[in-house]
Amino acid sequence: MPTALTRGAWILGTDTGITAAIAASGFDWIVLDQQHGRLGDSEMISLLAATEGGVPRWVRVRSLDDGLIGRALDAGAQGVVVPMVDSRAQAEQASRATRYPPRGARSWGPFAGGYSSPGEAPHSDMVCAVMIETAAALADVDSIAATAGVDMLFVGPFDLALALGVELDTLLLADGPDAPLHRIVDAAKRAGIKAGAFGGTPARAATLAALGFDTVAVASDTLLVQLGATAALA
Ligand code: 3PY
Ligand code: MG
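The notes below deal with the structure included here. (Residues numbered from 1 in each chain as written. Chains lettered and ligands numbered in written order. Predicted model: local features only at pLDDT ≥ 70, side-chain atom pairs only at ≥ 80, totals over all residues. Heavy atoms only, no water.)

## Focus on the packing of helix α3 (residues 66–74) against helix α4 (residues 88–98)
The cut-off we apply is this: Structural elements are reduced to axes, namely lines fitted to C-alpha atoms, with helices fitted over the stretch in contact, and the angle between N-to-C directions of any two is expressed from 0 to 180 degrees. Secondary structure elements are defined from DSSP: runs of H or I of at least 4 residues count as helices, runs of E of at least 2 residues count as strands, and each element is numbered from the N terminus. Crossing handedness is read from the near helix: turned anticlockwise from the far helix by less than a right angle, it gives a left-handed crossing, and turned clockwise, a right-handed one. We call two residues in contact when some of their heavy atoms are within 4.5 Å. Classification used: nonpolar for Ala, Val, Leu, Ile, Met, Phe, Trp, Tyr, Cys and Pro, charged for Asp, Glu, Lys and Arg, polar for all others including Gly.
Interhelical geometry of α3 versus α4 gives an angle of 35° and a closest axis separation of 9 Å. Between α3 and α4 lies a crossing whose hand is right-handed. Along the contact surface, α3 presents Asp-66, Ile-69 and Leu-73, while α4 presents Gln-93, Ala-94, Ala-97 and Thr-98. Looking at side-chain class alone, the contact of α3 with α4 contains four nonpolar, two polar and one charged residues.

If you want it as structure tokens, here you go:
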């Protein structure tokens, strides 16, 4: 296990108690998933409030959209995971939407009171992770990785496998320097940024960690509840 490996949980559901329990279970971070999870704005705000003061919470926004990124950060997320980023231009947009001027173009709303993080400095830093999950992103991966302000490439293996026309396991097990996942890890390392990926199960997360990913999503909230229930019954 690489020393720098961090392991996260992926939250799809809206329950504050379950999310707070998972966030306090030893994971290094959690992602609140607004793209494929069931979280609207008000659920995201409740989950961020329920997990405040613990591990970093990143929000996967529904799409690359400055407004959605701003709302997640205003609500207290420490970073965003932006799906389907295809090009350097889109990576630049994600990065700029995450940062206040002069680094970026995020709008500041300190007057929003309890809704904005109190005391947040206008230049405080946030994590900008861009998802590599399309054929276009893979083709442009070095340029995306080198984009100023991009902190992490984050692979969506389900979408990437679909886009490349291969089975998920074929993508995960492909070997050699030209294998897609190797290329993504190498691009992140060359750019000096993090290489993240969605595992979704502990076994896939371990495979991804062995490939060199340093930031892996181990399981969803749903799977964690299932695993816990099964373990309790056993
Ligand atoms: C993918 O695998 O495509 C994802 O986006 C994981 O959430
Ligand atoms: Mg995806």
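Moving on, there is more to tell.
## What to know about the coordination of the magnesium ion (ligand 2)
Using the following cut-off: Only nitrogen, oxygen and sulfur atoms within 2.8 Å of the metal, or 3.2 Å for Na, K and Ca, are treated as donors, and water is left out, so sites may look incomplete. Burial classes: relative accessible area under 20% of the type maximum marks a residue as buried, over 50% as exposed, and values in between as partly exposed (1.4 Å probe, protein chains only).
Bound to the magnesium ion (ligand 2) are the protein donor atoms Glu-133 (OE) and Asp-159 (OD), situated 2.1 Å from the metal. In this pair, Glu-133 is assigned in the loop between β5 (127–132) and α5 (135–139) and Asp-159 in helix α7 (residues 157–164), connecting sequence segments 26 residues apart. By relative accessible area, Glu-133 is classed as buried at 2%.

## What about the packing of helix α1 (residues 16–23) against helix α2 (residues 41–50)?
Going by this rule: Oblique is the label for any angle not covered by the other classes, which are roughly parallel (under 35 degrees), roughly antiparallel (over 145) and roughly perpendicular (65 to 115).
α2 packs onto α1 with a crossing angle of 45° between their chain directions and a minimal axis gap of 9 Å. Classed by the angle they form, the pair α1 and α2 counts as oblique. The way α1 lies across α2 gives a crossing that is right-handed. Contact residues: α1 offers Thr-16, Thr-19 and Ala-20, while α2 offers Ser-46, Leu-47 and Ala-50. Along the lines of polarity and charge, the residues of the contact of α1 with α2 split into three nonpolar, three polar and no charged.

## Here we look at the environment of Val-61
Within the secondary structure, Val-61 is located in the loop between β3 (57–60) and α3. On the basis of relative accessibility, which here comes to 0%, the residue Val-61 falls in the buried class. On a C-alpha basis, the gap between Val-61 and His-36 in space is 9.4 Å, while along the polypeptide they are 25 residues apart. In this structure Val-61 touches Gln-34, Gln-35, Leu-68, Ile-69, Ala-72, Val-80, Val-81, Val-82 and Pro-83, once residues within four positions along its chain are discounted.

## With respect to the site of ligand 1
Put simply, the rule is: For this purpose, a residue is taken to be near a molecule or strand whenever a single non-hydrogen atom of the residue falls within 4 Å of it. The term polar contact refers here to a pair of N or O atoms within 3.5 Å; inside protein, the definition further demands a hydrogen-donor-capable atom paired with an acceptor-capable atom, and it admits residues adjacent in sequence only when both atoms are side-chain atoms. For accessible areas, the Shrake-Rupley method is used with a probe of radius 1.4 Å. Any residue's cover is judged against the shown protein chains and nothing else.
Taken together, Trp-10, Arg-60, Met-131, Glu-133, Gly-156, Pro-157, Phe-158, Asp-159 and Phe-198 make up all the residues around ligand 1. Measuring from an oxygen atom of ligand 1, one finds a backbone N or O atom of Gly-156 at 3.5 Å. Separating an oxygen atom of ligand 1 from a backbone N or O atom of Phe-158 is a distance of 2.8 Å. About the coverage of ligand 1: the protein hides 94% of its 230 Å² of free accessible area. It is α7 that contributes the most residues to the shell around ligand 1, three residues altogether. Of the residues contributing to the shell around ligand 1, the split by class is five nonpolar, one polar and three charged.

## Remarks on the pattern of salt bridges
Rules: The rule for a salt bridge is simple: a side-chain nitrogen of Lys or Arg has to be within 4 Å of a carboxyl oxygen of Asp or Glu.
For the structure shown, the criterion picks out six salt bridges. Where Asp-41 meets Arg-71, a salt bridge forms, and the shortest distance between an N and an O atom there is 2.4 Å. Highlighted residues: Asp-41 in helix α2 and Arg-71 in helix α3, separated in sequence by 30 residues. Between Arg-88 and Glu-92 there is a salt bridge, with the nearest N and O atoms lying 3.5 Å from each other. Residue Arg-88 and its partner Glu-92 are both found in helix α4; the two are separated by four residues, about one turn of the helix.

## Concerning α3
Turning to α3, its buried residues are Leu-68, Ile-69, Gly-70, Ala-72, Leu-73 and Asp-74. Elements in contact with the buried residues of α3: α2, β3, β4 (79–82) and α4. Measuring from the side-chain oxygen of the N-cap residue of α3 to the backbone nitrogen of Gly-67 gives 2.7 Å; that N-cap residue is Asp-65. Just beyond α3, the residue with positive phi is Gly-76, at close to 115°.

## Some thoughts on the packing of aromatic side chains
The description of an aromatic ring pair rests on the distance of the ring centres and on the angle between the ring planes. Basically, it comes down to this: A pair of aromatic rings is counted whenever rings of Phe, Tyr or Trp (Trp by its six-membered ring) have centres within 6.5 Å, and the orientation is called stacked for planes under 30 degrees apart, edge-to-face for over 60 and tilted otherwise.
Within this structure, the stated rule accounts for six aromatic pairs. For the pair Trp-29 and Trp-58, a centre-to-centre distance of 4.8 Å together with 20° between the ring planes defines the contact as stacked. Note that Trp-29 is positioned in strand β2 (residues 29–33) and Trp-58 in strand β3, a separation of 29 residues in sequence. Accessibility assignment for this pair places Trp-29 and Trp-58 in one class, buried. Counting every residue linked through ring pairs, the aromatic cluster contains Trp-10, Trp-29, Trp-58, Phe-154, Phe-158 and Phe-198.

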